[in-house]
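Okay, here's what each chain looks like letter by letter:
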Amino acid sequence: MITLLISMAFPTAIAQADEPQVLRVLCYNIHYGQGMDQVYDIPRLAKVIEKAKPDLVALQEVDVGVKRSGRLHEARLVADLTGLKVRFGPTQHYEGGLFGNAVLSRFPYEDVHIQPLPYTESTPERTTYPRAAISVIVRLPNNTQVRFISTHFQHNVPEDRVNEAKAINQFFDDRAIPTILAGDMNAKPDEEPIQILQQEWTNAIDEQKLPTAPSQNPRSRIDYIFYRGASLKMISSEVIDESMASDHRPVLAVFEISR
């Protein structure tokens with residue numbers, strides 16, 4: 001009798017607990033705030049992000065306290081302007097500040113981890129950058145945990161990208177919770193780093209595999225969202241038609257996640 005009364009009193013709450021949670025996920029290389037007009041404009045970037053109505057955002061090329069971008073804490077400023085919670089994952093010191101990846105979330109964080117990735121150090125002939133991934137665990141309103149990762153592969157050393165893809169598969173092999181991986185992989189869909197990732201992840205790519213870079217007259221698809229976990233189902237995926245705020249176009253994927 002007590003069970004029956006509880007079910008009659010709270011039928012909507014019980015139904016909602018069983019309904020899938022919709023997740024809107026955005027991946028965006030923000031070019032340290034500099035648009036194609038050479039203007040540093042974080043509010044402009046924040047408007048692009050807000051318009052997509054994301055729940056989770058993976059950012060790459062984020063400056064914190066760097067001279068070129070006016071010593072701004074770009075990660076915190078984007079968070080303040082969008083109303084999302086931020087975690088920053090630095091990969092290197094640069095011009096008196098830090099440079100790296102970041103994650104924005106509509107949901108509370110339960111864990112944060114910064115994972116260095118393999119890379120070839122710079123030489124007088126070739127400039128490279130340290131690489132890493134920032135991984136967080138968030139808890140959704142339906143009490144489900146999700147791991148979310150933002151990363152950025154090396155831009156000018158092909159063997160680094162291969163090794164970084166292998167490292168991602170190795171370091172994030174825990175299948176206990178559903179996981180979404182997003183980033184600028186600096187590799188086209190048919191190239192080896194993407195093939196390596198697809199051994200362990202499903203590529204949430206639009207059917208046309210539209211290019212994302214450069215943002216004006218884009219020619220190459222190098223920005224991606226991947227996912228893994230039986231409870232995750234992709235609903236849609238698209239490249240957002242935004243050509244000014246950064247030198248990359250953002251990628252949006254929408255998922256349903258069941259308990």
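To keep things clear, this report deals only with the structure shown in the data block. Since this is a predicted model, take the numbers as computed values, not measurements.

Some points on helix 5 (residues 158–171)
The terminal C-alpha atoms of helix 5 lie 20 Å apart, and with 14 residues this matches the ideal 20 Å at 1.5 Å per residue to within 8%. Taken together, the buried positions of helix 5 are Asp160, Arg161, Val162, Glu164, Ala165, Ala167, Ile168 and Asn169.

Here's the deal with the sheet that holds strand 5 (residues 109–117)
The sheet built from six strands is open, its strands ordered 5-6-7-8-10-9 with mixed pairing. Among the strands making up the open sheet, the edge pair consists of strand 5 and strand 9 (202–203). Pairing of strand 5 with strand 6 (residues 131–139), which is carried by eight bridges, proceeds in the antiparallel orientation. Bridging from a neighbouring strand, Ile114 pairs with Ile134 of strand 6.

Thoughts on helix 4 (residues 74–82)
The complete set of buried residues in helix 4 reads Glu74, Ala75, Val78, Ala79 and Thr82. The buried side chains of helix 4 occupy one side of the element, clustering within an arc of 135° when seen end-on. Taken together, the buried residues of helix 4 touch helix 3 (42–52), strand 2 (56–64), strand 3 (85–94) and strand 4 (97–105). In the segment just after helix 4, Gly83 is the residue with positive phi, at about 80°.

Describing the packing of aromatic side chains
Following the criterion strictly, the structure yields four aromatic pairs and no others. Look at Tyr94 and Phe99: their rings are 6.4 Å apart centre to centre, the planes differ by 45°, and that puts the pair in the tilted class. Of the residues examined, Phe99 reaches a relative accessible area of 11% and is grouped as buried. In this arrangement the basic side chain of Arg68 is found over the ring face of Tyr32, its NZ or CZ atom lying 3.5 Å from the centre.

Here we look at the sheet that holds strand 1 (residues 21–29)
Taken together, the six strands give an open sheet; going across it, the order is 3-4-2-1-12-11, and neighbouring strands pair in mixed fashion. The outermost strands of the open sheet, each flanked by one partner alone, are strand 3 and strand 11 (232–239). In this sheet, neighbouring strand axes are inclined to one another by 20° on average, regardless of whether the strands run parallel or antiparallel. Pairing of strand 2 with strand 4 involves seven bridges; the strand directions are antiparallel. Note that in strand 4 the partner of Val64 across the bridge is Leu98. Packing against the sheet, helix 3 makes contact with strand 1, strand 2, strand 4 and strand 12 (251–257), and its axis sits at approximately 155° to strand 1.

Calculation notes
Residues numbered from 1 in each chain as written. Predicted model: local features only at pLDDT ≥ 70, side-chain atom pairs only at ≥ 80, totals over all residues. Heavy atoms only, no water. Helix = DSSP H or I, 4+ residues; strand = E, 2+ residues; numbered from the N terminus. Expected span 1.5 Å × (residues − 1). Buried < 20%, exposed > 50% of the residue type's maximum accessible area, 1.4 Å probe, protein only. Pairing = 2+ DSSP bridges. Arc of directions from axis to C-beta. Contact = heavy atoms within 4.5 Å. Phe/Tyr/Trp six-rings, centres within 6.5 Å; stacked < 30°, edge-to-face > 60°. Lys NZ or Arg CZ within 6 Å of the ring centre and 35° of its normal. Axes fitted to C-alpha atoms, helices over the stretch in contact; angles between N-to-C directions.

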